[in-house]
Amino acid sequence: MRIDLHAHTCVSDGTDTPSELVRAAVAAGLDVVAITDHDTSAGWDEAVATAHDAGIGLVRGMEISTRFRGRGVHLLGYLPDPTHPGLLAELRSVLDGRDARVPGMVERLRGLGLDVTVEGVRRLAGPTAAVGRPHVADALVAAGYVASRGEAFDRYLSPGRAAYASRAAADLETMLAALAAAGGVGVIAHPWGRHDPGVLDHDGLAHLAGLGLVGIEVDHQDHDPASRAELREIAGALDLVVTGSSDYHGLGKVDHDLGCNLTAPEELERLLDAAAAAARAAGRDVPAMIWPRPEL
Ligand SMILES: [Zn+2]
Ligand SMILES: [Zn+2]
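Residues numbered from 1 in each chain as written. Chains lettered and ligands numbered in written order. Predicted model: local features only at pLDDT ≥ 70, side-chain atom pairs only at ≥ 80, totals over all residues. Heavy atoms only, no water.

(A) Quick look at the coordination of the zinc ion (ligand 1). The zinc ion (ligand 1) binds to the protein through Glu63 (OE), His74 (ND1) and His190 (NE2); the donor distances cover 2.1 Å. Linear spacing of the donor residues for the zinc ion (ligand 1) on their chain is E-x10-H-x115-H. A gap of 3.6 Å separates the zinc ion (ligand 1) and the zinc ion (ligand 2), which glutamate 63 links by coordinating each metal. Residue glutamate 63 is located in strand 3 (residues 57–68), and its partner histidine 74 is located in strand 4 (residues 71–78); the two are separated by eleven residues in the primary sequence. When its relative accessible area of 1% is taken as the criterion, glutamate 63 is described as buried. On the basis of relative accessibility, which here comes to 27%, the residue histidine 74 falls in the partly exposed class. (Donors = N, O, S within 2.8 Å, 3.2 Å for Na, K, Ca; no water. Helix = DSSP H or I, 4+ residues; strand = E, 2+ residues; numbered from the N terminus. Buried < 20%, exposed > 50% of the residue type's maximum accessible area, 1.4 Å probe, protein only.)

What follows is the structure in structure tokens.
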């Protein structure tokens, strides 16, 4: 059973359509894939329809930009009711913040003598629900200033670089509550990605577990073997679900091929049980977790 619980489409900053993602997951030999675009469920319907036809398990999720104790944290939200008003309002404010950030970055780049425009960035972004830094990076690549998104981030767009602009993100604790109210569950994405544990050390994660956090993404390309081992130990101590995933972005990110990290079937089972409990506690119908429901 091959399970990958974190993948993006062109609805956010990946390059595959939701249908293409599902077909790529089949081609990669996956049994279950999650669609987790940034701050939106806009790709779910198309992905569900294709998964139904292709006979692969699909978990509906999103990767939400949040802030916890002063640091940006990505929260994977699985199986919430995407029409829940409280959750929708939180996501709307994140998307608005992301959109408002682009003009600031473009302004700074223009100040550095680089000829990029907000219109150009939006044109490149296409029908995405959230225009953000990756699309500014794409504009820099298209204009020939840098060779890749990675170089654009390294030279201009990362924290501390000249064109970086910070933005409002949802408060992580508020978002966990909103997810729960919508009958979903939260898993911290790549908690130690490219950083020290920082606020997401044992104490920080214990605090969040007490607020209903269900799991942490341990097996991720941004974690070295030592980090994975340590995170696995913390997850065990805090009874958190351990997930593994690719963080696939199509052609938008190298070394993140579908299935390059996997989630164990029993961990997915725990995640789905927690989601069913959350839906029941929120007084909502327990959603079809996955279609088709595989034998785990
Ligand atoms: Zn992320
Ligand atoms: Zn991601």
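Still more ground to cover, so stick around.
(B) Main features of the coordination of the zinc ion (ligand 2). Those donors, His6 (NE2), His8 (NE2), Glu63 (OE) and Asp247 (OD), are the protein atoms that reach the zinc ion (ligand 2), and they lie 2.1 to 2.2 Å from it. In this structure, the zinc ion (ligand 2) is coordinated by four donor atoms arranged in irregular fashion, with angles at the metal of 80 to 172°. The sequence pattern formed by the donor residues of the zinc ion (ligand 2) is H-x1-H-x54-E-x183-D. (Tetrahedral: all angles 85-135°; square planar, octahedral: opposite > 155°, others 65-115°.)

(C) Region of interest: helix 5 (residues 133–142). In terms of burial, helix 5 is largely enclosed, as eight of its ten residues are buried. Among all positions in helix 5, only Arg133, Pro134, His135, Val136, Ala137, Asp138, Ala139 and Leu140 are buried. Where helix 5 is buried, its residues touch helix 3 (85–111), helix 4 (118–125) and helix 6 (149–157). Positive phi appears at glycine 144, one or two residues downstream of helix 5, with a value of about 85°. (Contact = heavy atoms within 4.5 Å.)

(D) Layout of the pairing of strand 2 (residues 32–38). Burial runs high along strand 2: seven of the seven residues are buried. By the alternation rule, side chains of strand 2 split into Val32, Ala34, Thr36 and His38 and Val33, Ile35 and Asp37, which are all buried. Bridge count between strand 1 (residues 3–4) and strand 2: two bridges; the pairing is parallel. Paired with aspartate 4 across the two strands is valine 33, which belongs to strand 2. Following the backbone out of strand 1, through helix 1 (residues 18–27) and into the adjacent parallel strand 2, one traces a crossover that is right-handed. Looking at chain direction, strand 2 and strand 3 are connected through seven bridges and run parallel. If you follow isoleucine 35 over to strand 3, its bridge partner there is arginine 60. (Pairing = 2+ DSSP bridges. Right-handed = clockwise from strand over helix to strand, strands pointing away.)

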